[in-house]
Amino acid sequence: MKEQSWQHITLETNGIRLHCVQAGPPDGALVILLHGFPEFWYGWRQQIEPLAQAGYWVLAPDQRGYNLSDKPHTVEAYRIGILAKDVIGLIQALDRERALLIGHDWGAAVAWHTAIHYPQSIAKLGILNVPHPAVMVRTLRSSLRQIVKSWYIFFFQVPRLPEWVLSRKTYAPMRRMLKASSRQGTFNAEALDHYMQAWRQPGALTAMINWYRAMFRSGIASEGRSVEGAHGGRVKPSTLMIWGAKDIALHRSMAQPSLEFCDHGRLVFFEQATHWVQHDEPQRVTRLLLDFLEE
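Nothing here was measured: the structure is a model prediction, and the numbers come from that model.

**Student:** Please explain unusual backbone geometry as it appears in this structure.
**Tutor:** When glycine is set aside, most residues are seen to have a negative phi, and most peptide bonds are trans. Following Phe-37, the chain continues to Pro-38 via a peptide bond in cis, the omega torsion being 0 degrees. Turning to its location among the elements, Pro-38 is positioned in the loop between strand 3 (30–34) and helix 1 (45–53). Positive phi values are uncommon outside glycine, yet Thr-170 reaches one of about 50 degrees. Here Thr-170 lies in helix 7 (residues 161–180). By relative accessible area, which is 42% here, Thr-170 ends up partly exposed.

**Student:** When you look at the sheet that holds strand 2 (residues 16–23) in this model, what are you seeing that I'm missing?
**Tutor:** The strands making up a sheet associate through backbone hydrogen bonding, with each pair oriented either parallel or antiparallel. Strand order in the open sheet formed by 8 strands is 1-2-4-3-5-6-7-8, with mixed pairing between adjacent strands. Each edge of the open sheet carries a strand with a single partner, namely strand 1 (7–13) and strand 8 (265–270). Within the sheet, the average angular offset between the axes of one strand and its neighbour, ignoring direction, is 20 degrees. With 4 bridges joining them, strand 2 and strand 4 (residues 57–61) adopt antiparallel strand pairing. Each residue of the ladder has a partner; that of Val-21, found in strand 4, is Ala-60. Running at roughly 115 degrees to strand 1, helix 2 (residues 80–93) makes contact with strand 1, strand 2, strand 3, strand 4, strand 5 (99–104) and strand 6 (122–128) of the sheet. Across the sheet, helix 13 (residues 282–294) touches strand 3, strand 5, strand 6, strand 7 (238–244) and strand 8, and the angle it forms with strand 7 is around 170 degrees.

**Student:** How do you make sense of the side chain of Asp-105 when you look at a structure like this?
**Tutor:** The topology assignment puts Asp-105 in the loop between strand 5 and helix 3 (106–117). Within the structure, Asp-105 has its side chain in polar contact with the side chain of His-275 (distance 2.7 Å). Once residues lying within four places of it in the same chain are set aside, the contact partners of Asp-105 are Gly-36, Phe-37, Leu-128, Val-130, Tyr-212 and His-275.

**Student:** Would you mind showing me how to read the pattern of salt bridges here?
**Tutor:** Oppositely charged side chains may form a pair once their charged atoms are brought near each other. Within this structure, the stated rule accounts for 11 salt bridges. Among the salt bridges present, the one from Glu-281 reaches Arg-284, with a minimum N-O distance of 3.6 Å. Its salt-bridge partner being Arg-287, residue Asp-291 comes within 3.0 Å of it at the nearest N-O pair. Here Arg-287 and Asp-291 lie together in helix 13, a separation of 4 residues that amounts to about one turn.

**Student:** Before we go on, may I ask you to explain helix 4 (residues 133–142) in this structure?
**Tutor:** Spacing of three or four residues puts side chains on the same side of an α-helix, whose turn is 3.6 residues. Along helix 4, 7 of the 10 residues are buried, which leaves the element largely enclosed by surrounding structure. What helix 4 keeps buried is the set Pro-133, Ala-134, Val-135, Met-136, Val-137, Thr-139 and Leu-140.

**Student:** Help me out: how do you make sense of helix 13 in this one?
**Tutor:** With 13 residues, helix 13 extends 18 Å from end C-alpha to end C-alpha; this agrees with the ideal 18 Å at 1.5 Å per step. Turning to helix 13, its buried residues are Pro-282, Val-285, Thr-286, Leu-288, Leu-289, Leu-290, Phe-292 and Leu-293.

**Student:** Any chance you could explain the packing of aromatic side chains here in plain terms?
**Tutor:** Think of a pair of aromatic rings as described by two things: how far the centres are apart, and how the planes are tilted against each other in angle. All told, the structure shown has 22 aromatic pairs when counted by the stated rule. Judged by centre distance (5.3 Å) and plane angle (75 degrees), the rings of Trp-106 and Trp-211 are edge-to-face. Pair noted here: Trp-106 is in helix 3 and Trp-211 is in helix 9 (residues 204–218), with a separation of 105 residues, a long-range link. For Trp-106, a relative accessible area of 10% translates into the label buried. One aromatic cluster in this structure is built from Trp-6, Phe-40, Trp-41, Tyr-42, Tyr-171, Phe-187, Tyr-195, Trp-199 and Trp-276. The ring of Phe-292 has Lys-124 lying over it, and the distance from NZ or CZ to the ring centre is 5.1 Å. If you follow Arg-252 out to its NZ or CZ, it ends over the ring of Phe-269, 4.1 Å from the centre.

Thresholds, definitions, all that
- Residues numbered from 1 in each chain as written.
- Predicted model: local features only at pLDDT ≥ 70, side-chain atom pairs only at ≥ 80, totals over all residues.
- Heavy atoms only, no water.
- Helix = DSSP H or I, 4+ residues; strand = E, 2+ residues; numbered from the N terminus.
- Buried < 20%, exposed > 50% of the residue type's maximum accessible area, 1.4 Å probe, protein only.
- Pairing = 2+ DSSP bridges.
- Axes fitted to C-alpha atoms, helices over the stretch in contact; angles between N-to-C directions.
- Contact = heavy atoms within 4.5 Å.
- Polar contact = N/O pair within 3.5 Å; in protein donor to acceptor, adjacent residues only side chain to side chain.
- Salt bridge = Lys/Arg side-chain N within 4 Å of Asp/Glu carboxyl O.
- Expected span 1.5 Å × (residues − 1).
- Phe/Tyr/Trp six-rings, centres within 6.5 Å; stacked < 30°, edge-to-face > 60°.
- Lys NZ or Arg CZ within 6 Å of the ring centre and 35° of its normal.

Here it is as structure tokens:
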């Protein structure tokens, strides 16, 4: 099986249509891969084929607002609870009751929320470089260091200006951000060309930034109450956290406390990897995920 055999499909979920890449045998256990900002399904390209070859039915969607998926116009359409319902809708659209869910960055935030609120639908949970939401809320309330690291969240609240800044000179600021925050050579010219094609989709950049605007408008305190109100924020599915220790945006100190909310959790640090851990260390991350899914 090769990339040429991957299928590009559109699935209806939660009132919208999501473009997805599908690979592997349809009778295999369903694995859903959720990308973050500013990626799209392509961010999992190095994991899709090994998972499919191992017998899993792999689904890597462009989450709402990204690339070829629908892009609702309102900020409220990107609230975390709605994003989690998109995932549940994908599982239902494929006529499954449960899925193995793996997420990175914003995709990991959605994965946490989905596992907390819909534990019956998630068989196992893989999290890459994002803390449990309660830990994130607690840290943003108390840590000036993390607030400084999260400066871009506040910049994204300004109307229209972030879109103008990020798209200048053929998205040069976004290309620089990916290269500066990853290991040298992780994002090559070919990969960046693919990303730029996704960013250029009509309405995509605003929709992508609206994820941050929706988080800010819903309020940190509100998000904390929402999580704590759902079984105390407990994560019942078996959970593997993978963390690139050289993440410049999210401090590693938030990783270990996240396990306190997991009934069955394990944490693996990649000391030389960055926030883009599955890109920096694709083979090692893929092997770790496969071992976890097969346990």
